[in-house]
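Below are the chains, spelled out letter by letter.
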Amino acid sequence: MPTPIHTLLIANRGEIALRIIRTARRLGLRTVAVYSDADRAAPHTRAADVAVRIGPTPAAESYLSIPALLAAAKETGADAVHPGYGFLSEQADFARAVVGAGLTWVGPPPDAMEAMGRKDTAREIAQRAGVPVLRSLGNIRGGWFAAQGNLPFPLLVKAAAGGGGKGMRIVREQDELGPAIAAAGREAAAAFGDDALLLERYIERGRHVEVQILADEHGNVLHLHERDCSAQRRHQKVLEEAPAPDLDPTVRDALHTCAVRLAREAGYTGVGTAEFLVEVGGPSDPSDAGAWFLEMNTRLQVEHPVTEEVVTVRGERIDLVEQQLRVAAGEELGFSQDDVAVHGHAIEARIYAEDAFGGFLPQAGTATRVRWPEGSHVRVEAGIEDGTVVPAAYDPMVGKVIAVGADRETARRGLVGALDATAIGGLVTNTGFVRALADSDAFRDGEVHTAWLDNHPLPAPDPRPAMVAAAWTIATAAMADGGDGWRLGGPPADTWVELDDAVLRVSIARGEVRREGEPPTSCRSVGGMGDGTVGGRVGGTVGGTAGAAAGNVGGVSADGLLELAGSTARFAVDVGPRSVEVSTRGHTFRFVRPGASSLGAAEVSDGVVLAAMPGTLARVEVRDGDLVTAGQSLGVLEAMKMEVTLLAPADGVVRVRAGAGDQVAARQVLFEVGPADEPEATDG
């Protein structure tokens, strides 16, 4: 008997909370958002009908606190809980607690979650269902290793619990095995509370293909076709698409069949994803199937929008969140496999607050300016807006950009254009990185497999076009203020602009920008920049006569197309009194103006080891005064579920400036390495 849902509590934050609220509102449900102190002003708190504080910033005391979430449900009269993804979404204990409190759990049965949420038990269920799996090479728990025969390298060490690429290491030779097991075990314990690991053969060139499953409580189990998530970096998905391109039809049908059998064997209901590894070019071993079950995600996936954009039921696009809510309420699906079809192609790019060209370290801060793309063939799932604070305490994903087309190439070109139109200021993001990947020949030609990015690093962006655009914008603003050295009856004089350590001479009349010692760059406005219209200018004056230094221009924003040296690109420029931010092709560059203070202005010796991001100094592996060698591990920094090994930059004596377990700020000094014969300075 169906149990209608009236008030839905979303036990999550950010873009997924907003996504769920949108569907719930369309269905006429009352919605409840929860927030920690760090998210007090976050967009999802304003989108819901009710918002409830559940605790302080640390996730363990807020979004991971089952008592706090159940108390919020009771306080607001919620009769159902949707976990989103991440946090407690795959925790069977949370599902049981929700059901035990008399509430509707919007997810699969707790027993199925528990069984399929672990890679080891999921393997057993897959084998019972006749689904191919990679041969197990051993199991590890508490550091104890039991190998099954001689180990073939390379192999993969991976956490038995959880997902998301946490607790995974590739091992290519025997000497690497011990450290890999130790690191993967620590990471798994921190992320999932379980250090159990599995060993499997590592497939060098594999495609990650996953099948979307939908099942109800009445025995109906369907597949909603597949997605390809092969564009990964260190097992973290970067681009996802549906359907999987150039997949052998026989393999495709086999994966669909295996996923349905697996869900039936597990007693699964709701939305879930069966993930498979498909060997590129077919199986290297003729005795292998060439496609193997990896794991099952017992929740809604981050990449679910690409399925929603291409899968139809009786000609109408499917809403997976709606299906989750209907199944949770006890309703029957109401359609069959024959009613499901695929039309077109969709590709999604995940937008993270991370430095993609600086070790992919998570970033935190305030998004000062956020511009998401628009258009009928673009979908955006955004968790930030102007002024949103991105805390260091949670996963750094801030949004997703999805492009749709009649075919893959149309969708790919649409995604590149959509990422060109994305600009996020005040925060370092990976937008430019995913834009470059989507625009690459390798992605266009279907050559990107799961290990491709780890072996083909993308080149760092060239800041020079952004610097030219910044100088052009400042000079245009100076001209608009009438203080750029206009001469009676003649063209405007040149304007000098200082950015970082460079001096650029801008000639509006000649249409060029010249950096000292370099040939000029031709510059021409194609629309919106430098053509006499500078949008959003709120102040700033410039004085001068025959030539002017635009040192006082501030509070200027411009957004439009510039043609630089014959190449046209879109630039979003924000000019402040101390710095300029320029976004182009997804990248955001920051240039310091004269008199501005910056972290880069402080002289730091080569021997200083800084925290690249806020986090916890998990371990200190040296003692103060020890002699160390260049490249030696000094300690480990933990932040946003990542471990970063801190290495000695040179030979010498190390001074330890923070203790194990300390919470440290970004750019805080953790270690200093000086010459062995240099005594430590003392206060006099």
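Residues numbered from 1 in each chain as written. Predicted model: local features only at pLDDT ≥ 70, side-chain atom pairs only at ≥ 80, totals over all residues. Heavy atoms only, no water.

Asker: I tried to follow the overall build of the chain on my own but got confused; where do I start?
Answerer: The helix and strand inventory of the chain stands at 15 helices and 44 strands. Across the 684 residues in the chain, those meeting the buried criterion constitute 54%. In the chain, the share of contacts with a sequence separation of at least 24, taken over all contacts with a separation of at least 6, comes to 62%. Accessible area for the chain stands at about 28200 Å²; split by element, carbon and sulfur atoms hold 50% of it. (Helix = DSSP H or I, 4+ residues; strand = E, 2+ residues; numbered from the N terminus. Buried < 20%, exposed > 50% of the residue type's maximum accessible area, 1.4 Å probe, protein only. Contact = heavy atoms within 4.5 Å. Areas by Shrake-Rupley, 256 points an atom, 1.4 Å probe, with all protein chains shown as cover.)

Asker: Even after reading the chapter, I still don't get the nonpolar core, so can you show me in this structure?
Answerer: Grouped burial of nonpolar side chains is what soluble globular proteins tend to show. Ranked by size, the top nonpolar core spans 42 residues in total, and within it Ile5, Leu8, Leu214, Ile318 and Phe335 carry the most contacts. Elements that contribute at least two residues to this core include exactly strand 1 (7–10), helix 1 (14–26), strand 12 (221–233), helix 9 (304–310), strand 16 (311–313), helix 10 (320–328), strand 19 (345–352) and strand 26 (397–405). The biggest single contributor to this core is helix 1, with 6 residues. In this structure, Leu8 is in contact with Ile20, Ala24, Arg30, Thr31, Val32, Ala80, Val81, His82, Val106 and Leu325, ignoring residues within four places of it in sequence. Of all hydrophobic cores here, the second largest spans 34 residues; its members include Val390, Ala411, Ala442 and Leu458. (Core = buried A, V, L, I, M, F, W, Y, C linked by side-chain atoms within 4.5 Å.)

Asker: It is not clear to me how the sheet that holds strand 42 (residues 652–656) should be interpreted in this structure. Could you clarify?
Answerer: Whenever strands of a sheet pair, they do so through backbone hydrogen bonds, lying parallel or antiparallel. Across the sheet, 4 strands lie side by side as 37-44-42-39; this open sheet has antiparallel pairing. Both outer strands of the open sheet, strand 37 (608–610) and strand 39 (627–628), are each paired with one neighbouring strand and no more. Sheet topology note: the strand 37/strand 44 (residues 669–674) ladder contains 3 bridges and is antiparallel. Residue pairing across strands places Val609 opposite Phe671, the latter belonging to strand 44. (Pairing = 2+ DSSP bridges.)

Asker: Explain unusual backbone geometry to me, please; I cannot follow it from the model alone.
Answerer: The general pattern is negative phi for most residues beyond glycine and trans for most peptide bonds. In this structure, the amide linkage connecting Phe153 to the following residue, Pro154, adopts the cis form with an omega of 0°. Residue position: Pro154 is located in the loop between strand 7 (144–147) and strand 8 (155–159). Backbone torsion omega between Ala242 and Pro243 reads -5°, so that peptide bond is classified as cis. Here Pro243 is to be found in the loop between strand 13 (236–242) and helix 8 (249–266).

Asker: So what exactly am I meant to see when it comes to the pattern of salt bridges here?
Answerer: In a structure, side chains of opposite charge can pair up when their charged atoms sit close to one another. In this structure the tally under the stated criterion is 59 salt bridges. The partner of Arg350 in a salt bridge is Glu240, and the shortest N-O contact between them spans 2.5 Å. Of the two residues, Arg350 is situated in strand 19 and Glu240 in strand 13; the sequence distance between them amounts to 110 residues. Note on Arg350: relative accessible area 8%, which makes it buried. Across the pair Asp339 and Arg314 runs a salt bridge, and its minimum N-O distance is 3.3 Å. With Asp339 in the loop between helix 10 and strand 18 (340–342) and Arg314 in the loop between strand 16 and strand 17 (316–317), this pair connects stretches of sequence that are 25 residues apart. Three or more residues are tied together by salt bridges with common partners; here these are Arg19, Arg22, Arg26, Glu308, Glu309, Arg317, Asp319, Glu322, Arg326, Glu331, Arg379 and Glu381. (Salt bridge = Lys/Arg side-chain N within 4 Å of Asp/Glu carboxyl O.)

Asker: In this structure, what is going on with the sheet that holds strand 1? I would like to understand it.
Answerer: Taken in spatial order, the 5 strands line up as 3-2-1-4-5 in an open sheet, and their pairing is parallel. A strand with exactly one partner marks an edge of an open sheet, and here the two such strands are strand 3 (50–55) and strand 5 (104–105). As paired strands, strand 1 and strand 4 (residues 80–82) are joined by 3 bridges and run parallel to one another. By the bridge assignment for strand 4, Leu8 is matched with Ala80. On top of the sheet, helix 3 (residues 66–76) reaches strand 1, strand 2 (30–36) and strand 3; it is set at about 150° to strand 3, its chief contact. (Axes fitted to C-alpha atoms, helices over the stretch in contact; angles between N-to-C directions.)

Asker: Can you help me understand the pairing of strand 44 in this one?
Answerer: When a strand is regular, its side chains alternate between the sheet's two faces. Pairing analysis gives 4 bridges linking strand 42 to strand 44, with the strands arranged antiparallel. By the bridge assignment for strand 44, Val654 is matched with Val673.

Asker: Sorry if this is basic, but what is going on with helix 4 (residues 92–100) here?
Answerer: Since the α-helix turns once every 3.6 residues, residues separated by three or four places project in the same direction. Every buried residue of helix 4 is accounted for by Ala92, Phe94, Ala95 and Val98. The arc that holds the buried residues of helix 4, viewed along the axis, is 160°, so those residues lie on one side. Looking at helix 4, the residues exposed on the side facing more than 90 degrees away from the buried face are Asp93 and Gly100. Those residues of helix 4 that are buried are in contact with helix 3, strand 4, strand 5 and helix 5 (110–116). Just beyond helix 4, the residue with positive phi is Gly102, at close to 85°. (Arc of directions from axis to C-beta.)

Asker: Can you walk me through the side chain of Thr431 in this structure?
Answerer: Following the sequence through the fold, Thr431 ends up in helix 12 (residues 431–438). A distance of 2.8 Å separates the side chain of Thr431 from the side chain of Thr429, its partner in a polar contact. Discounting residues that sit within four places of it in the chain, Thr431 has contacts with Ile351, Leu419, Thr422, Ile424 and Gly586. (Polar contact = N/O pair within 3.5 Å; in protein donor to acceptor, adjacent residues only side chain to side chain.)

Asker: What am I meant to see in the packing of aromatic side chains here?
Answerer: Aromatic ring pairs are reported here in terms of the distance separating the ring centres and the angle at which the planes meet. Inspection of every chain in the model, using the stated rule, returns 8 aromatic pairs. Note on Tyr63 and Phe87: the rings are 5.0 Å apart at their centroids and 20° apart in plane angle, and the pair reads as stacked. Note that Tyr63 is positioned in the loop between strand 3 and helix 3 and Phe87 in the loop between strand 4 and helix 4, a separation of 24 residues in sequence. On the basis of relative accessibility, which here comes to 0%, the residue Tyr63 falls in the buried class. Aromatic rings pair up to connect Tyr63, Phe87 and Tyr394 into one cluster. (Phe/Tyr/Trp six-rings, centres within 6.5 Å; stacked < 30°, edge-to-face > 60°.)

Asker: Would you mind going over the environment of Gly330 with me for this structure?
Answerer: Looking at where Gly330 falls in the secondary structure, it is placed in the loop between helix 10 and strand 18. The class for Gly330 is buried, based on a relative accessible area of 9%. Separated by 113 residues in sequence, Gly330 and Glu217 have C-alpha atoms that sit 6.6 Å apart.

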